[in-house]
Amino acid sequence: MRDPKKKTCLTLTFLFALISIILVSVALATDYWITSNPVRNVTVIKATASINFGMFHGKKITQSVSKTVDEIWVVCSSSHSLCGWSIQMDGDTRGQTFEREIENVTKSTNPVYTMLSNRGMFSFNLWVSTLVFLCLGLVFGLVILIFTCVNLATTPIETITGPVGLYLWNSLACFFTFIGVILYVVLYMEDLKENVLRPDELDLNWTSRDKTYLGWSFWLVVVACLFYAVNITFVVILGRDCSAPFQKKASMNHIGMEDVMSY
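Residues numbered from 1 in each chain as written. Predicted model: local features only at pLDDT ≥ 70, side-chain atom pairs only at ≥ 80, totals over all residues. Heavy atoms only, no water.

Q: What's the story with the overall build of the protein chain in this structure? I'm lost.
A: Across its full length, the protein chain holds seven helices and nine strands. Counting only residues that meet the buried cut, the protein chain has 41% of its 263 residues in that class. Look at the contacts in the protein chain between residues 6 or more apart in sequence, and 63% of them connect residues 24 or more apart. When the accessible area of the protein chain is evaluated, it comes to approximately 14,300 Å², of which 65% is carbon and sulfur surface. (Helix = DSSP H or I, 4+ residues; strand = E, 2+ residues; numbered from the N terminus. Buried < 20%, exposed > 50% of the residue type's maximum accessible area, 1.4 Å probe, protein only. Contact = heavy atoms within 4.5 Å. Areas by Shrake-Rupley, 256 points an atom, 1.4 Å probe, with all protein chains shown as cover.)

Structure below.
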């Protein structure tokens, strides 16, 4: 009969890995990685706004004379290693408009104007790297589920399919997810914290400086990373419990061989 403690550790490892996968998936699918409440530095007409967006999409609500709601789309130019925001619904139009904005920044001689964060642009490399590492974390999260099921259903002979393998997969999932978190924090600190507004909004005296924060979608990924870390603890306990019977069995085999030699 399987050790109840071992079965409990394996079950918790499976559940925590599943929760981590769900959390990261929900985070990638939702639009609250960044939340902001920009203001307009004009005293004639009072205007307020709220912005939230995720890795691909978002929304802006502006309250002035009337209330307007705009969808925000993340648009990137890999050739310029830049990303920005657009309210254009058509993908081709978004790309063309963004390319023109990049050209305007490139041609400008004003050093303030040419600062990427001041013109509503941010690093493509950091953005895509965050996605890649989070996706790698998801892949190894799925590997954890598969090998945990193998351990629950059978007693693996190969080391890589046993506790050592589970330790490796959990460590890799935690590592890649953690790197994704760090990369997005760097992106936030370098670009997004300064500005999340488009160039045309900046020209109308809108500002989001010191009014932009990491949203709950981002924190879901942090929690997922913590669940992977807890899983590593479970696997360490599992490996310790499995090693004792193995050592005992090896010792008995050694004694048996000595008896045979003596005979």
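Still to come is the rest of the account.
Q: What is the right way to look at empty space enclosed by the protein in this model?
A: Regions of empty space are outlined by a rolling probe, equal in size to a water molecule, passed over the atoms. Under the criterion given, the structure shown has two cavities of 30 Å³ or more. Volume-wise, the largest cavity comes out at about 40 Å³. Along the walls of the largest cavity sit Phe53, Gly54, Met55, Val74, Phe122, Trp127, Tyr184 and Leu192, which together make up its complete lining. Tallied by class, residues from the lining of the largest cavity come to seven nonpolar, one polar and no charged. Approximately 30 Å³ is the volume attributed to the second largest cavity. Forming the boundary of the second largest cavity are Ile51, Ile72, Trp85, Val196, Leu197, Arg198 and Glu201. Its residues assigned to classes, the lining of the second largest cavity comprises five nonpolar, no polar and two charged. (1 Å grid on protein atoms, 1.4 Å probe; cavity = no way out; pocket = protein on both sides within 12 Å on 5 of 7 lines; lining within 4 Å. Points joined across faces, edges and corners; volume = space filled by probe spheres on them. Nonpolar A, V, L, I, M, F, W, Y, C, P; charged D, E, K, R; others polar.)

Q: Explain the pairing of strand E5 (residues 67–77) to me, please; I cannot follow it from the model alone.
A: If a strand is regular, its side chains alternate between the two faces of the sheet. As paired elements, strand E4 (residues 57–63) and E5 share seven bridges and run antiparallel to each other. Each bridged residue has a counterpart across the sheet, and for Lys59 the counterpart in E5 is Glu71. Count of turn residues in the E4/E5 antiparallel hairpin: three residues. With five bridges connecting them, E5 and strand E6 (residues 82–86) associate as antiparallel partners. Looking across to E6, one finds that Trp73 is bridged to Ser86. (Pairing = 2+ DSSP bridges.)

Q: Looking at this structure, how should I read the state of the cysteines?
A: Here, the word disulfide means a covalent bond between the sulfur atoms of two cysteines. Applying the stated criterion to the full structure yields one disulfide. The disulfide bridge from Cys76 ends at Cys83, spanning 2.1 Å between sulfur atoms. Handedness of the Cys76-Cys83 disulfide follows from its S-S torsion of about 105°: it is right-handed. On the basis of relative accessible area, Cys83 is assigned to the buried category, the value being 0%. Cys174 supplies the cysteine sulfur nearest to Cys225, a cysteine that is in no disulfide, at a spacing of 3.9 Å. Judged by relative accessible area, Cys225 falls into the buried class, the value being 9%. (Disulfide = S-S within 2.5 Å.)

Q: When you look at the pattern of salt bridges in this model, what are you seeing that I'm missing?
A: Should the charged atoms of two oppositely charged side chains come close, the side chains can pair. Scanning the model with the defined rule gives one salt bridge in all. Put simply, Arg209 and Glu194 hold a salt bridge, and the shortest N to O gap is 3.0 Å. On the criterion of sequence distance, the pair formed by Arg209 in the loop between strand E8 (206–207) and strand E9 (212–214) and Glu194 in the loop between helix H5 (163–192) and helix H6 (199–202) is long-range, its members being 15 residues apart. Overall, the relative accessible area of 42% leaves Arg209 in the partly exposed class. (Salt bridge = Lys/Arg side-chain N within 4 Å of Asp/Glu carboxyl O.)

Q: Could you clarify how one ought to interpret unusual backbone geometry in this entry?
A: Keep in mind that most residues, glycine aside, have a negative phi and that most peptide bonds are trans. One non-glycine residue, Ser81, lies in positive phi territory at about 55°. By the element assignment, Ser81 lies in the loop between E5 and E6. The exposure class of Ser81 is partly exposed, given its relative accessible area of 28%.

Q: What should I look at first to understand the packing of aromatic side chains in this one?
A: Two aromatic rings, taken as a pair, are described by how far apart their centres are and by the angle between their planes. Evaluation of the coordinates by the stated rule reveals 16 aromatic pairs. Between Phe147 and Trp169, the aromatic rings sit 5.5 Å apart at their centres with planes inclined by 35°, giving tilted as the arrangement. A residue pair is termed long-range when its members are at least 10 positions apart, and Phe147 in helix H4 (residues 124–153) and Trp169 in helix H5 qualify at 22 residues. Trp169 sits in the buried class, given a relative accessible area of 14%. (Phe/Tyr/Trp six-rings, centres within 6.5 Å; stacked < 30°, edge-to-face > 60°.)

Q: What exactly am I supposed to notice about the nonpolar core here?
A: One broad rule of soluble globular proteins: the nonpolar side chains tend to lie buried together. Residues Trp33, Trp127, Tyr184 and Leu192 are the most contacted members of the largest nonpolar core, which totals 50 residues. Contributions of two or more residues to this core are made by helix H1 (4–29), strand E3 (48–53), E5, E6, H4, H5 and helix H7 (216–262). (Core = buried A, V, L, I, M, F, W, Y, C linked by side-chain atoms within 4.5 Å.)

So, to be careful, I would describe these as geometric facts and stop short of saying anything about function.
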